[in-house]
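Inside the fold
The residues making up each chain are set out below.
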There are 2 protein chains.
Amino acid sequence: MTDDELRWREIARAPAHDYRIFQSQRIRATHPHTGAEREFVGLHAPDWVNVIARTPAGDVVLIRQYRHGTAAVHVEIPGGMVDPGEAPLVAAQRELAEETGYHAARWLLLGVVAPNPAIMDNRLHMYLADDAAPGSAPDFDEGEVVTTFTAPLAEAYAMIRRGDIDHALVVAAFAHLAIAGPAGP
Amino acid sequence: MTDDELRWREIARAPAHDYRIFQSQRIRATHPHTGAEREFVGLHAPDWVNVIARTPAGDVVLIRQYRHGTAAVHVEIPGGMVDPGEAPLVAAQRELAEETGYHAARWLLLGVVAPNPAIMDNRLHMYLADDAAPGSAPDFDEGEVVTTFTAPLAEAYAMIRRGDIDHALVVAAFAHLAIAGPAGP
């Protein structure tokens, strides 16, 4: 089937509720074959960024923070929301510095994914930062409680396989690095 | 910091709005250090599953479907929501058959991730299915419009790196396969 035969035709997308970090929407669309009309929920959210930052020794910068959705502490990589008008790369550099105090000399876009395209309209921009080192004190957002540590890349991969790193968007970033292989992205 | 120093203390989690495939919640919690109370949004959703199914030739079963969140067609792997009372493995087998008509002889859990732990409370169970072959006609959910094709695993990896596969939860499944390496998971 072509994309045209797969695409629903969107008739309307209207705001429903505002949750500050995203807004829900009611989407009305018609079936590509039958024309039958159905309603779907959408979530409008800003783009996000995350960063695999590596020290000169090749260790990755990891963080631990509590997440309200799962009500659990997760091991992650630094990241956050892109501010209005901010370039994703700048957001990534800002989040790395704010959450961990690290700065990096070399930056590369690993890739862009849709965190949850069934319901969310945003994208996650995933970066690789090299020659990362502490350069300032962390500057947490109100309410942010984050602790930083480093680990060899092989250990980060092992943590993913063991389930000790289980945040899907963090795993997606490491996917790009792992697939790129020893030669790098 | 220990987990205890990172964890917010949740005071209340109350239903807000029902969107059928998930419900929003208002969460009230206190800061682990200051005790300051803040409100957060949560989304309560069922668990999800997805499947990397490989044919005897080693090709992976891919699908294309339109996603309302992004209003775009995405290349993905089969998957869906776990029904109430259903085991995740059974859900994965059911979704593979319903979306593609494929059945597989050998099943392995690749891993479990939290799709978006900041806001969602659910988990994604990712499977690897081997010796997959067509065995029945697809049985689409109401409104589902899906087309199936196969590609060598190396091509699926290349599609991820090119951004032709950009669904984060699909990328997360391939992460586990890629990290496990040539010896497999």
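The shown structure was predicted, so the numbers you read here are calculated from the model rather than taken from an experiment.

**Notes on the pairing of strand 1 (residues 9-18) of chain B**
Residue and element names in this part refer to chain B. Here strand 1 runs beside strand 2 (residues 23-30); their pairing, made up of 7 bridges, is antiparallel. Directly across from D18, in strand 2, lies its bridge partner Q23. In textbook terms, the turn of a hairpin is the stretch between consecutive antiparallel strands, and for strand 1 and strand 2 this stretch comprises 4 residues, one of which, R20, has a positive phi near 75°.

**Describing the relation of the copies chain B and chain A**
Superposition record for chain B on chain A: RMSD 0.0 Å, screw rotation 180°, translation along axis 0.0 Å. Such values leave the two copies arranged in the relation of a two-fold axis. By residue overlap, the copies meet face to face through one surface: 100% of the interface positions of chain B are interface positions in chain A.

**Observations concerning the interface of chain B and chain A**
Each partner contributes to the interface: chain B provides 69 residues, whereas chain A provides 69 residues. For the pairing of chain B and chain A, the buried interface totals around 6,300 Å² over both sides, and the portion due to carbon and sulfur atoms is 62%. Salt-bridge contacts for R64 of chain B lead to D3 of chain A; the nearest nitrogen and oxygen are separated by 2.4 Å. Where chain B packs against chain A, one counts 32 residue pairs in polar contact (both at pLDDT 80 or more).

**Looking at the pattern of salt bridges**
With the rule as written, the count across this model stands at 28 salt bridges over all chains. Of the charged contacts, one joins D130 of chain A and R54 of chain A as a salt bridge, the two residues approaching to 2.8 Å between their closest N and O atoms. You can see D130 of chain A sitting in strand 9 (residues 124-134) and its partner R54 of chain A sitting in the loop between strand 4 (48-53) and strand 5 (59-67), a full 76 residues away along the chain. The partner of R9 of chain B in a salt bridge is D4 of chain B, and the shortest N-O contact between them spans 3.4 Å.

**A look at the domain arrangement of chain A**
Residue and element names in this part refer to chain A. Looking at the assigned domains, one finds that chain A contains domain 1 (3-44) and domain 2 (48-179). One C-alpha centre belongs to domain 1, the other to domain 2, and the line joining them spans 30 Å. Across the contact, 5 residues belong to domain 1 and 5 residues belong to domain 2. Summed over both partners, the interface of domain 1 with domain 2 comes to about 450 Å²; 54% of that surface belongs to carbon and sulfur atoms. Taken together, the connections running from domain 1 to domain 2 amount to 0 salt bridges. Partitioning the side of domain 1 that touches domain 2 into residue classes produces 3 nonpolar, 2 polar and no charged.

**With respect to the pairing of strand 4 (residues 48-53) of chain B**
Residue and element names in this part refer to chain B. Counting buried residues in strand 4 gives 6 out of 6 residues, a clear majority hidden from the surface. As defined by bridge partners, strand 4 adjoins strand 7 (residues 79-81) across 3 bridges and the pair is classed as antiparallel. Looking at strand 7, one finds that V49 is bridged to G80. As paired elements, strand 4 and strand 9 (residues 124-134) share 6 bridges and run parallel to each other. Opposite N50, over in strand 9, you have M126 as the bridge partner.

**Some remarks on the sheet that holds strand 8 (residues 102-113) of chain B**
Residue and element names in this part refer to chain B. Ordered by their spatial adjacency, 4 strands build an open sheet running 7-4-9-8, and the pairing between neighbours is mixed. Of all the strands in the sheet, the pair left with one neighbour each is strand 7 and strand 8. On average, each strand axis in the sheet is tilted by 25° relative to the strand beside it, whichever way the strands run. Against the sheet, helix 4 (residues 168-180) contacts strand 4, strand 8 and strand 9, and its axis sits at roughly 55° relative to strand 4.

**With respect to the packing of aromatic side chains**
Residue and element names in this part refer to chain A. Following the criterion strictly, the structure yields 8 aromatic pairs over all chains and no others. Aromatic side chains Y157 and F174 sit 6.0 Å apart centroid to centroid with 75° between the ring planes, which places their arrangement in the edge-to-face category. Of this pair, Y157 sits in helix 3 (residues 153-162) while F174 sits in helix 4 (residues 168-180), and the two are 17 residues apart along the sequence. The buried category is assigned to Y157, whose relative accessible area is 16%. With a relative accessible area of 0%, F174 lands in the buried category.

**Concerning helix 3 (residues 153-162) of chain B**
All names here are of chain B. When we look at burial in helix 3, the residues that qualify are L153, A156, Y157, M159 and I160. Projected down its long axis, helix 3 shows its buried positions confined to an angular sector of 155°, all on one face. After helix 3 finishes, the residue G163 shows a positive phi value of roughly 90°.

**Digging into unusual backbone geometry**
In most cases, non-glycine residues show a negative phi, while peptide bonds are predominantly trans. Phi is positive for A71 of chain A, close to 55°, though the residue is something other than glycine. Topologically, A71 of chain A is positioned in the loop between strand 5 and strand 6 (72-76).

Here is what the cut-offs are and how they apply
- Residues numbered from 1 in each chain as written.
- Chains lettered and ligands numbered in written order.
- Predicted model: local features only at pLDDT ≥ 70, side-chain atom pairs only at ≥ 80, totals over all residues.
- Heavy atoms only, no water.
- Pairing = 2+ DSSP bridges.
- Helix = DSSP H or I, 4+ residues; strand = E, 2+ residues; numbered from the N terminus.
- Least-squares fit on C-alpha atoms with pLDDT ≥ 70 in both.
- Contact = heavy atoms within 4.5 Å.
- Buried area = accessible area lost by both parts, 1.4 Å probe.
- Salt bridge = Lys/Arg side-chain N within 4 Å of Asp/Glu carboxyl O.
- Polar contact = N/O pair within 3.5 Å; in protein donor to acceptor, adjacent residues only side chain to side chain.
- Domains from an automatic or database assignment.
- Nonpolar A, V, L, I, M, F, W, Y, C, P; charged D, E, K, R; others polar.
- Buried < 20%, exposed > 50% of the residue type's maximum accessible area, 1.4 Å probe, protein only.
- Axes fitted to C-alpha atoms, helices over the stretch in contact; angles between N-to-C directions.
- Phe/Tyr/Trp six-rings, centres within 6.5 Å; stacked < 30°, edge-to-face > 60°.
- Arc of directions from axis to C-beta.

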